[in-house]
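Each chain is listed here by its residues.
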Amino acid sequence: MAKIIAVANQKGGVGKTTTAVNLACCVAAKGKKVLLCDFDPQGNASSGVGVAAREGKSVYDCIVAGVPAAACLVRTDYCTVLPADIRLAAAEVELCDLPRRERRLKEALETVADQFDYVFIDCPPSLGQLTVNALTACHRVLVPMQCEYYALEGLSQLVSSIRMVKRSSNPGIDIEGIVLTMYDSRTNLTIQVAEEVKKYFGNKVFKTVIPRNVRLSEAPSHGMPVIAYDRFSRGAAAYNAVAEEFLKRGGN
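The structure contained in this document is the topic of the report that follows. (Residues numbered from 1 in each chain as written. Predicted model: local features only at pLDDT ≥ 70, side-chain atom pairs only at ≥ 80, totals over all residues. Heavy atoms only, no water.)

For the structure on display, the rule yields three aromatic pairs. Judged by centre distance (5.3 Å) and plane angle (65°), the rings of Tyr118 and Phe246 are edge-to-face. With Tyr118 in strand 5 (residues 118–122) and Phe246 in helix 11 (residues 234–248), this pair connects stretches of sequence that are 128 residues apart. Each member of the pair, Tyr118 together with Phe246, is buried. Note on Phe120 and Phe246: the rings are 5.6 Å apart at their centroids and 50° apart in plane angle, and the pair reads as tilted. Here the residue Phe120 occupies a position in strand 5, and Phe246 occupies one in helix 11, the gap between them amounting to 126 residues. For Phe120, a relative accessible area of 0% gives the class buried. Among the aromatic residues, ring-to-ring pairing joins Tyr118, Phe120 and Phe246 into one connected group. Geometry around Phe206 places Arg249 over its ring, the cationic atom sitting 4.1 Å from the centre. (Phe/Tyr/Trp six-rings, centres within 6.5 Å; stacked < 30°, edge-to-face > 60°. Helix = DSSP H or I, 4+ residues; strand = E, 2+ residues; numbered from the N terminus. Buried < 20%, exposed > 50% of the residue type's maximum accessible area, 1.4 Å probe, protein only. Lys NZ or Arg CZ within 6 Å of the ring centre and 35° of its normal.)

Written out as structure tokens, the structure is:
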């Protein structure tokens, strides 16, 4: 049965989708069976591995219409994808009228979880029905965090959200770890924020940091993870190291 990881941060622009895509693909490249579940209406995780918006079935059909997840999976050269499309934005409202509304994604993923070692969910950058669904479905939460002041506030809000879901619908949820992104060791602010996070979260903070890297920014426009776009880049090396650290931690 797969270990399900929600890649989440309520603040946008912190490298959340970049982390979900590249960590999933790096783990898959190490021989693991990986499903990347795109749960953001923007669909960037899907396009980041070459799955363009299309008329086919997506995760929206799974959670709203009850279409089996197996019928919506797309296999790519990098990992298997449960894609998203813009209709997912409407699901925030539509889920309100459905039974077991916070468990719809969990029930969909349970039907395919035995086919994979890991499922990575790319969450939307907000706390609504979609994020609550993702937090209810997952075993652990991986938090990409940009090294800036406002990111600390976002992290605090996310921790509160995890506690809420822990009390209401997923008592086993916990933080898998925090990955520091857009890291620039030349600035005092980066170092200060990193120290502050480590003070509160200790060994939950991954030793590997993700630097600012042009190749990381370019790769999505080519529909590739960075390890396929430029495997010798600093970004590829960093996400490979994060994947190794993730697996070494046991992924449990």
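All right, on to a nonpolar patch on the surface then. Taken together, the side chains of Tyr149, Tyr150 and Leu189 make up a nonpolar region of the molecular surface, amounting to roughly 360 Å² of accessible area. Mapped onto the elements of the fold, Tyr150 is located in helix 7 (residues 149–168). Taking relative accessible area as the criterion, Tyr150 reaches 53% and is therefore assigned exposed. (Patch = residues over 30% accessible without salt bridge, like charges linked within 9 Å, V, L, I, M, F, W, Y side chains within 5 Å. Areas by Shrake-Rupley, 256 points an atom, 1.4 Å probe, with all protein chains shown as cover. Salt bridge = Lys/Arg side-chain N within 4 Å of Asp/Glu carboxyl O.)

Within strand 7 (residues 174–181), seven of the eight residues are buried, which leaves it mostly tucked inside the rest of the structure. In terms of strand pairing, strand 6 (residues 140–146) meets strand 7 through seven bridges, oriented parallel. Its bridge partner being in strand 7, Arg140 is matched across the sheet by Asp174. Read from strand 6 through helix 7 to strand 7, the crossover connection turns out right-handed. (Pairing = 2+ DSSP bridges. Right-handed = clockwise from strand over helix to strand, strands pointing away.)

Worth remembering: the numbers are spatial, not functional.
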